[in-house]
Each structure stands twice: as structure tokens, then as C-alpha cells.
Amino acid sequence: MKSFLYARDLGDLKQALAEAQEIKADRYKYAELGRNKTALLVFFNNSLRTRLSTQKAAQNLGMNVIVLDVNAGAWKLETERGVIMDGDKSEHLLEAIPVMASYCDVIGIRSFAGLKDRDYDYAETVYNQFVKHSGKPVFAMETATVHPLQAFADLITIEEHKTVKRPKVVLTWAPHCRCLPQAVPDSFAEWMLAAPDVDLVITHPEGYELDPKFTEGATIEYDQRKAFEGADFIYAKNWSCPGVTLPEHYGEMLHDYHDMMHWTVDADHMALTNDGKFMHCLPVRRGLIVTDDVIEGPNSLVIPEAANREISATVVLKRILESL
Ligand code: AN0
Ligand code: CP
């Protein structure tokens, strides 16, 4: 595997889930596979889970790990060609990438959407420069449009906790006070639709339609309460306007969040479900996305979901190492 952005990069998801189970039963089973191999994890944005779980995964496989926080100690990187670099950016990505690649065997990238230029973000411009100029396998640790390590961990979690063969899974938009990327809901929708046995319903206010590239085949229900009826899993997330139906509002919040608090996932919403489990990728802002009682309640899966990030990352790095 030379690049990991999408579910299809793993091939058969049933097989990938079986590997996840195998690794969860013995996470050091492949501890020799990564001997004398180095993973470089490059962060252009903050992280708690991705940083820790991906390092742990690499260590499970016997790899060395280097973590680079580009904005905390490295030279600020210019990502555009053809600019006169007389601002605060001292180095160009086109030199930095091959230099970084010379010290490692595998590169993970966290580079969020800028939310200013839809075409630039949706072309995965930064990630693809790493693919093109590093000559090394590259994997996404949340890029402009996808967060596949999260979606794979979410799928593993749903498989572990489902009580019916084909659960109803509801991806719901929820209010937030900052403009957030679409990467998490994009990947979640994509992976749920690629999964062998999931019924996916997506609910959000009008204007928040996700890119059809990720949602083709999903049911969209604008009435959130109706969407929640009979749900086995509620996956909450905020995202900014994806610019599909409202291109001029790409990356924006379409309403004052104070007016959208009826979309917050609370006990009243959860009562509509089939004893539904609550999920969120974290970090989550309580009181906006979800109430304290729901996230702390017995049906909350946020902690096992985060723990499964180590498993998804171990499977993905194992696949990459096997292809070196
Ligand atoms: C990021 C996002 O919404 O994409 C990361 C989530 C894993 N969240 C924030 O920036 C709060
Ligand atoms: N869910 C997730 O990716 O969390 P971090 O942003 O903390 O890595």
C-alpha cells in the first residue's frame, strides 16, 4: 500500500476487520515486521489521539518513530509554488518533503482543510505533494477531506458493539462554535457505505450536504428526530458548509450556533433510538455537540472508540510494511 486515504486502499473490509481482531487479541504479534524501519509522523495541526495511537501502533510493529510538529520548532513551510518567499515562511515544502523522506520509510500526514479554497482542499493538494515528492508510502492522519484511521476505528467499534446483523447508523450534524473541516464525516460516510452490513442515515440542516463522492447511496434525512428513530448508533460531529449546494459559503458556519442548540445530542434525542450507542471521534465540546449525561452514560462508546485508533493504525502500518 503506497497511499492510504480511502476504504478501498485496504481492499476487502471484512478481511481488514479480521486483521483488526487478530491484532486486538495480540497487538505485538507482528513486532518483528518493522525492525529497523522508521515512521515519520508530520503534524501541521494539533492532535492528542492520532499522535499517541499512531506512535503506539508503530511501536507495536517494532518501528522507530519520529514525530514532527511543523508549527512548533520546524521552519514554517510554504506550500504554494511561484511565490516570492519574503514572509514568515522560511522553507518550501518541495525541499522539505524529500529531506524528511530521506530519514524514514513511511510518512503519516496531518494537514487539515484550510476551508478557504474548496478546489485546493478537495484536490488533497498538500497530501498529494507528499505522495509525489517523497517516494515513500504516505498515509493520512486527517487530511483536507478524509480521516481514514478514525473511520476504520469507528467501523471496528461498531462491529464490536452491534446487537443486530445490520445496524442502523446515524451520522448527525451537531452545533459547534468554530468552523470545522468535513474530513471526519466524509470518511465516516464513505466507510459505513463500504462496510458489509450497515444502514447509513445522514442528518443535518439544509446547506450542510457532504460531497456526494463520499455519500452516494446514503439516506439523507433533514428531520433529525425522524433520523434518530430506531437508530442503533448515533455518530455526532459538527462540520462547516461543504460548499456542495452553497458553493459561496464553503467552510463557513451557516447559522449562529446559539440558534442551532436543538441539534445538540441529549437524552431526549437518544430516547428516540433503539437503545442507541453514542459515538464521537473526540475532541468534543460538551454542551454544544452532546450533553454531559449522554457522553458519560452507559451507551457512550467514545473511549473504546478512541482506544481502537491504536488497532486501526496497527493494521494500516502493518499493510504498509508488508508492501515495502
Ligand atoms: C478536528 C475536525 O473536526 O476535523 C479534528 C477531529 C479529529 N476537530 C477540531 O479541530 C476540534
Ligand atoms: N480523533 C482524533 O483524530 O483526535 P486527535 O485530533 O486528538 O488526533
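Check the entry above for the structure.
Residues numbered from 1 in each chain as written. Chains lettered and ligands numbered in written order. Predicted model: local features only at pLDDT ≥ 70, side-chain atom pairs only at ≥ 80, totals over all residues. Heavy atoms only, no water.

A. How the structure looks around the side chain of S187. Mapped onto the fold, S187 is located in helix α7 (residues 183-194). Those residues in contact with S187, other than ones at most four positions away along the chain, are V146, H147, P148 and A151. (Helix = DSSP H or I, 4+ residues; strand = E, 2+ residues; numbered from the N terminus. Contact = heavy atoms within 4.5 Å.)

B. Layout of the site of ligand 1. Lining the immediate environment of ligand 1, one finds F112, E142, L180, P181, K237, C281 and L282. Here K237 contributes a side-chain N or O atom positioned 2.7 Å from an oxygen atom of ligand 1. Contact with the protein chains removes 82% of the 330 Å² of surface that ligand 1 exposes when unbound. Here the shell around ligand 1 is built from residues that sort into five nonpolar, no polar and two charged. (Near = heavy atom within 4 Å. Polar contact = N/O pair within 3.5 Å; in protein donor to acceptor, adjacent residues only side chain to side chain. Areas by Shrake-Rupley, 256 points an atom, 1.4 Å probe, with all protein chains shown as cover. Nonpolar A, V, L, I, M, F, W, Y, C, P; charged D, E, K, R; others polar.)

C. Representation of helix α2 (residues 49-60) in the model. Across its twelve residues, α2 extends 16 Å between first and last C-alpha, which sits within 8% of the 16 Å expected from 1.5 Å per residue. Buried within α2 are the following residues: R49, T50, R51, S53, T54, A57, A58 and N60. Where α2 is buried, its residues meet β2 (38-43), β3 (64-69), β6 (106-110), β7 (138-140), α6 (148-161) and α12 (302-322). Once α2 finishes, G62 follows within two positions and takes phi at roughly 80 degrees, a positive value. (Expected span 1.5 Å × (residues − 1). Buried < 20%, exposed > 50% of the residue type's maximum accessible area, 1.4 Å probe, protein only.)

D. Spatial organisation of the sheet that holds strand β11 (residues 233-237). An order of β10-β9-β8-β11-β12 is seen for the five strands of this open sheet, with the pairing classed as parallel. Each of the sheet's edge strands pairs with one partner strand only, and the pair in question is β10 (219-220) and β12 (277-279). Pairing of strand β8 (residues 168-173) with strand β9 (residues 199-203) involves five bridges; the strand directions are parallel. In the strand pairing of β9, T172 is matched with T203. (Pairing = 2+ DSSP bridges.)

E. Representation of the packing of α6 against α12 within the structure. Between α6 and α12, the shortest axis-to-axis distance is 8 Å and the interhelical angle comes to 115 degrees. In this structure, α6 meets α12 at a crossing whose hand is right-handed. Of the residues in α12, those touching α6 at L149, Q150, F152, A153, D154, I156, T157, E160 and H161 are P304, E305, N308, R309, I311, S312, A313, V315 and V316. Grouping the amino acids of the contact of α6 with α12 by side-chain chemistry returns nine nonpolar, five polar and four charged. (Axes fitted to C-alpha atoms, helices over the stretch in contact; angles between N-to-C directions. Left-handed = near helix turned anticlockwise from the far one by under 90°.)

F. Layout of the sheet that holds β3. The strand order β1-β7-β6-β2-β3 describes an open sheet built from five strands, whose pairing is parallel. The sheet is open, and its two borders are formed by β1 (3-4) and β3, each paired with just one other strand. Across two bridges, β1 lies against β7 in parallel orientation. Its bridge partner lying in β7, F4 is registered against F139.

G. Representation of the environment of A151 in the model. Within the secondary structure, A151 sits in helix α6. For the pair A151 and E190, spaced 39 residues apart in sequence, the C-alpha to C-alpha distance is 8.5 Å. If we ignore the near neighbours within four places in the chain, the residues touching A151 are S187, F188 and W191.

H. Structural detail: the nonpolar core. Among the nonpolar cores identified, the biggest contains 55 residues, and F139, F152, L171, W191 and L200 are the most heavily contacted of them. Not counting residues within four places of it along the chain, the set of residues in contact with L171 comprises P185, F188, A189, L200, V201, I202, T203, L210, Y235 and W239. (Core = buried A, V, L, I, M, F, W, Y, C linked by side-chain atoms within 4.5 Å.)

I. Quick peek at the packing of aromatic side chains. Scanning the entire structure with this criterion turns up seven aromatic pairs. Ring plane angle 25 degrees and centroid distance 5.4 Å describe the contact between F152 and W191, whose orientation is recorded as stacked. Of the two residues, F152 is situated in helix α6 and W191 in helix α7; the sequence distance between them amounts to 39 residues. Of the two residues examined, F152 and W191, each falls in the buried class. Pairing F188 with Y235 gives two aromatic rings, centres 3.7 Å apart and planes at 15 degrees, and the pair type is stacked. Residue F188 is located in helix α7, and its partner Y235 is located in strand β11; the two are separated by 47 residues in the primary sequence. Considered together, F188 and Y235 belong to a single accessibility category, that of buried residues. Of the aromatic side chains, those joined through ring pairs into one cluster are F4, F152 and W191. (Phe/Tyr/Trp six-rings, centres within 6.5 Å; stacked < 30°, edge-to-face > 60°.)

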